[in-house]
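The lines below spell out each chain.
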Amino acid sequence: RENVEGLTERAWKDVVLGRETVIDPEEPKLLNVVLELRKKGEIVKLYRFDGELEVRADGSGRIMRLDPPDNRRPGTLVRERDGIMHDVENIENYIEEDFSIRDVLLFTEFEDGEFADQTVIVVAQREAFYPEKMKLWLGDAEGGFQRSAGQVSREVVLAPEEGYEQTLLFTFADVEAGNVWSYFKVDGHYGKVRISERHSMEVSEDLDWVRFRLTFFLNPTPGDRNLETGR
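Residues numbered from 1 in each chain as written. Predicted model: local features only at pLDDT ≥ 70, side-chain atom pairs only at ≥ 80, totals over all residues. Heavy atoms only, no water.

Mapping Lys 135 onto the fold places it in strand S11 (residues 133–138). Along the primary structure Lys 135 and Glu 109 are separated by 26 residues, whereas in three dimensions their C-alpha atoms are 9.5 Å apart. (Helix = DSSP H or I, 4+ residues; strand = E, 2+ residues; numbered from the N terminus.)

What follows deals with the pattern of salt bridges. Evaluated as defined, the whole model comprises eleven salt bridges. Between Arg 65 and Asp 103 there is a salt bridge; the shortest N-O distance is 2.8 Å. Note that Arg 65 is positioned in strand S4 (residues 61–66) and Asp 103 in strand S6 (residues 103–107), a separation of 38 residues in sequence. The exposure class assigned to Asp 103 is buried, which follows from its relative accessible area of 0%. With a closest N to O distance of 3.3 Å, Glu 202 and Arg 211 form a salt bridge. By sharing partners, the salt bridges in this structure join Glu 52, Glu 54, Arg 56, Arg 62, Glu 202, Arg 211 and Arg 213 into a single network. (Salt bridge = Lys/Arg side-chain N within 4 Å of Asp/Glu carboxyl O. Buried < 20%, exposed > 50% of the residue type's maximum accessible area, 1.4 Å probe, protein only.)

In this structure, Leu 106, Leu 136, Phe 145, Ile 195 and Phe 216 are the most contacted members of the largest nonpolar core, which totals 32 residues. No other element matches strand S17 (residues 209–218), which puts five residues into this core. Beyond its immediate sequence surroundings of up to four residues, Leu 106 is in contact with Leu 53, Val 55, Met 134, Lys 135, Leu 136, Phe 170, Val 210 and Phe 212. By size, the runner-up hydrophobic cluster in this structure holds nine residues, among which are Val 44, Leu 46, Tyr 190 and Leu 227. (Core = buried A, V, L, I, M, F, W, Y, C linked by side-chain atoms within 4.5 Å. Contact = heavy atoms within 4.5 Å.)

For the rest of this paragraph, the subject is a negative patch on the surface. A cluster of like negative charges, contributed by Glu 109, Glu 111, Asp 112, Glu 114, Asp 117, Glu 205 and Asp 206, occupies part of the molecular surface. Residue position: Asp 117 is located in the loop between strand S8 (114–115) and strand S9 (118–123). (Patch = residues over 30% accessible without salt bridge, like charges linked within 9 Å, V, L, I, M, F, W, Y side chains within 5 Å. Areas by Shrake-Rupley, 256 points an atom, 1.4 Å probe, with all protein chains shown as cover. Lys, Arg positive; Asp, Glu negative; His and termini not counted. Charge placed at Lys NZ, Arg CZ, Asp CG, Glu CD.)

What follows concerns the side chain of Glu 52. As for its position among the elements, Glu 52 is in strand S3 (residues 47–56). Using a relative accessible area of 18% as the deciding quantity, one classes Glu 52 as buried. Of the polar contacts made by the side chain of Glu 52, one reaches the side chain of Arg 62; its length is 2.7 Å. (Polar contact = N/O pair within 3.5 Å; in protein donor to acceptor, adjacent residues only side chain to side chain.)

If you want it as structure tokens, here you go:
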């Protein structure tokens, strides 16, 4: 409420779609107001990479490789690897020989042939066991992951320029929540990845392997940190 061009204090001034309308408070009216929201900023098309990571107690597993975004048909190469180190801290000794900077690996610790740290939940009146802690590792020493505070994709829109680490630690509780997002940087490109819900994780009955499905979204323009898709 405010005075408008000498009108009494009881006068109201509303601006509806750019048009001034003076309303008498003693004669209230119901207005049909339509708000038009327009996105500020540029929408970008991100490349999508779907794949399945796996790590086994014998040291083998499946690796995702994020193909170069200038490929005619971008996608994800999933390949088998033997002798994957379980201790991610020591993997740097094998990078040049065995791994590409675009390789993504999954790690968890094993002890006596099964998950070292376990979480148990009840599913369909039966106990189910899952690894408590897991790590993602990205082969690019100049890039890596940086966890986001965003809860949904539209809140994860501008990747930080720096501050990335090659490993991303997440827990089974994160997977249960299903709303954990991380930025990532690989080969000069920025993107985002979601830690999916429990249904995207599969474990063996003997607890000697875990498989995890992930989706990465990558900006195809080198150095462009914009990840806004409007969704």
